[in-house]
Amino acid sequence: MSIPTTAERIGKFAFDAQASHLTPQARQVFKRNILDSLGCAIAALPGTPFKVLREQFDEYGRGGTCTLIGGGTTSPDQAALYNSGLVRYVDLLDSYMSQGGLCHPSDNFGAILAAADHASASGEDFMLALAVAYEIGCRITAIVPVMSKGFNHAIQLAITAAAGSGKLFGLDAAQIAHAIAIATVDNVSLACVHSEPVSQWKGFSPGITGMRSVYSASLAKRGITGPLRLFEGPNGLVRMFDQPLDVDWDDASLDVIHQTIMKKFCSLIHGQPVLEATLALKREHGLNSDEIDEVVCDIFQTGFDIAGGGSFGPKDNPQSKEQADYNLKYLIAAALLDGQVGPAQLEPQRVQASDAQALLNRVTVRPDAEFTALYPHALNTRVTIKCKDGRVFAREHVGFEGGLDNPLTWERTVEKFHWLSEQYADAALRGQIIDLVSSLDERPIAELMQLLAKVSREPRFPANHPGIQ
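Residues numbered from 1 in each chain as written. Predicted model: local features only at pLDDT ≥ 70, side-chain atom pairs only at ≥ 80, totals over all residues. Heavy atoms only, no water.

Undergrad: Give me the packing of aromatic side chains: which residues, what numbers.
TA: A complete count under the given rule lists nine aromatic pairs for this structure. A centroid spacing of 5.5 Å and a plane angle of 50 degrees characterise the contact between Phe50 and Phe204, whose relative ring orientation is tilted. Placement of the pair is Phe50 in helix α3 (residues 48–60) and Phe204 in helix α9 (residues 201–221), with a sequence separation of 154 residues. The exposure class of Phe50 is buried, given its relative accessible area of 1%. An aromatic cluster is present here, built from Phe50, Phe57, Tyr82, Tyr89 and Phe204 joined pairwise through their rings. Above the plane of the ring of Tyr89 lies Lys321, whose end atom (NZ or CZ) is 4.6 Å from the centre. (Phe/Tyr/Trp six-rings, centres within 6.5 Å; stacked < 30°, edge-to-face > 60°. Helix = DSSP H or I, 4+ residues; strand = E, 2+ residues; numbered from the N terminus. Buried < 20%, exposed > 50% of the residue type's maximum accessible area, 1.4 Å probe, protein only. Lys NZ or Arg CZ within 6 Å of the ring centre and 35° of its normal.)

Undergrad: Report on the pattern of salt bridges, specifying residues and quantitative values.
TA: Following the criterion strictly, the structure yields 28 salt bridges and no others. The closest approach of N and O atoms between Glu458 and Lys51, which form a salt bridge, is 3.8 Å. Separated by 407 residues along the polypeptide, Glu458 in the segment after α20 (445–452) and Lys51 in helix α3 bring together distant segments of the chain. Note on Lys51: relative accessible area 41%, which makes it partly exposed. Salt bridges linked by common partners bring Lys264, Glu276, Glu401, Arg412 and Glu415 together as one network. (Salt bridge = Lys/Arg side-chain N within 4 Å of Asp/Glu carboxyl O.)

Undergrad: Tell me about the packing of helix α1 (residues 6–16) against helix α8 (residues 173–185), and name the residues and values.
TA: Running from N to C, α1 and α8 cross one another at 125 degrees; their axes reach a closest spacing of 7 Å. In terms of orientation, α1 lies oblique with respect to α8. By crossing handedness, the relation of α1 to α8 is classed as right-handed. Residues Ala7, Glu8, Ile10, Gly11, Lys12, Ala14 and Phe15 of α1 form the contact with α8, whose participating residues are Ala173, Ile176, Ala177 and Ile180. (Axes fitted to C-alpha atoms, helices over the stretch in contact; angles between N-to-C directions. Parallel < 35°, antiparallel > 145°, perpendicular 65-115°, else oblique. Left-handed = near helix turned anticlockwise from the far one by under 90°. Contact = heavy atoms within 4.5 Å.)

Undergrad: Please give an account of the side chain of Gln272 that cites residues and values.
TA: Looking at where Gln272 falls in the secondary structure, it is placed in helix α11 (residues 272–285). Among the polar contacts made by the side chain of Gln272, one reaches the main-chain amide nitrogen of Lys264 at a distance of 3.0 Å. (Polar contact = N/O pair within 3.5 Å; in protein donor to acceptor, adjacent residues only side chain to side chain.)

Undergrad: For the environment of Gly467, give the residues involved together with the corresponding values.
TA: Relative to the helices and strands, Gly467 is located in the segment after α20. Once the C-alpha coordinates of Gly467 and Gly339 are considered, the two residues, 128 residues apart in sequence, prove to be 9.8 Å apart. Every residue in contact with Gly467, bar those within four places of it in the chain, is listed here: Gln340 and Trp419.

Undergrad: Please provide a residue-by-residue account of the environment of Ala307, values included.
TA: Relative to the helices and strands, Ala307 resides in helix α12 (residues 301–307). Looking at Ala307, the relative accessible area reads 0%, which means it is buried.

Undergrad: Any details on the pairing of strand β5 (residues 292–299)? Residues and values, ideally.
TA: β5 sits mainly inside the fold: six of its eight residues count as buried. Taken together, the seven bridges between β5 and strand β7 (residues 380–387) define a ladder with antiparallel strand orientation. Residue pairing across strands places Ile299 opposite Thr381, the latter belonging to β7. Direction of pairing for β5 relative to strand β6 (residues 363–367): parallel, over a ladder of five bridges. By the bridge assignment, Val296 is partnered in β6 with Thr364. (Pairing = 2+ DSSP bridges.)

Undergrad: Describe the sheet that holds β7, with residues and values.
TA: Working definition: the strands of a sheet are paired by backbone hydrogen bonds and lie parallel or antiparallel to each other. One open sheet accounts for four strands, arranged β6-β5-β7-β8; its pairing is mixed. Taken across any chain shown, the strands that pair with only one partner, and hence form the sheet edges, are β6 and β8 (392–398). Each strand of the sheet is rotated relative to its neighbour by a mean of 15 degrees, with strand direction disregarded. Of the strands in this sheet, β5, β7 and β8 touch α11, which is tilted by about 140 degrees from β8. The strands touched by helix α14 (residues 328–338) are β5, β6 and β7; relative to β5, the strand with the most contacts, the crossing angle is about 130 degrees.

These values are about where atoms sit, not about what they do.
This is the structure:
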């Protein structure tokens, strides 16, 4: 009897997963992350790229079985692209940290939601498929430092989205393995997608991966086979990663959700403690941006490389949303100017404004060896603000609200959801969505999609929420 390949072992793990493997505690945390993903998606609806996608859907054929967030229907694969792009766009989605890299487990959300909608799945089935995707992706991320090896974390997303979609489509273990192989073999995603000038594709790389994965699962269901030696074969992923994938796929637990972390600010995860520290200094000392002469931010090496002007490129002249949310200089400036870093601070006109550009050029970001030694187990930073009158204020900050040591509660996530969605859904509709998510494992996914179709794609209601502080 031949030894199963890694793709086959992952396929069996996904096939064998049962709803009983989700503990009551894990279910509650999943509902939190699901509501968080929906808030992120709704806040992104007026974004220019989504108008472009809708135009392309019209050109390529709009009809289909899947509901789009914000209304309309399309095919499952196009819905996966659209809904995934929405979740990622404002950069407020969840994360999983590991040595040498990270992933965003909710990058799976849009693809798994589209697959569940297409399959007329129950909310329970959707949550289970999402849990399978989260578990596979985070287990791989924990073993392989994908980013430090030059790859973008969309590479493992192809595996996870194919596995979750395959489970919803009723594939057996062998078919799920083929779906994984088909989706992944041509999805070699490179970390250079994060380099300057950061493009719109950074946010849509996960969506196109999810699109391919849903389509691949459908092909595998119809008997199309893929290269099962995806990992072990000549020039497979083991060679690319330069290490084996030593994961215990016989472990049926689905509890990695407890290791996910959340965001309060529109910024890469590395910027969350920086912005908490910056805003705390501003509020504690009543600082006005006109008083500030210089800001120095000390941070761990990875944060400096990606967002501080290190190996991924200089951060001195951001112009777009995509550049802004990966730019600690701009994010610090925006926090000091506006007292918040939300979707409004990522609008191009805000990024390009003269006050923001002037202040960001007085911000210095530099790596700190001690902080680097503690990463990723601790996300440390030190923010020092020097005023024109000679006053100096500094704050060393470890972690942030939403991190493992101070997780975002359901109540705070509800508050975040209201903040992100208040312009696109009235209070009654927001309440219905929250209530449904809180009991999603007892409801059909179609009920959720019916509510999401009612959300406006343009701001229609007052924006009163100051953002979660």
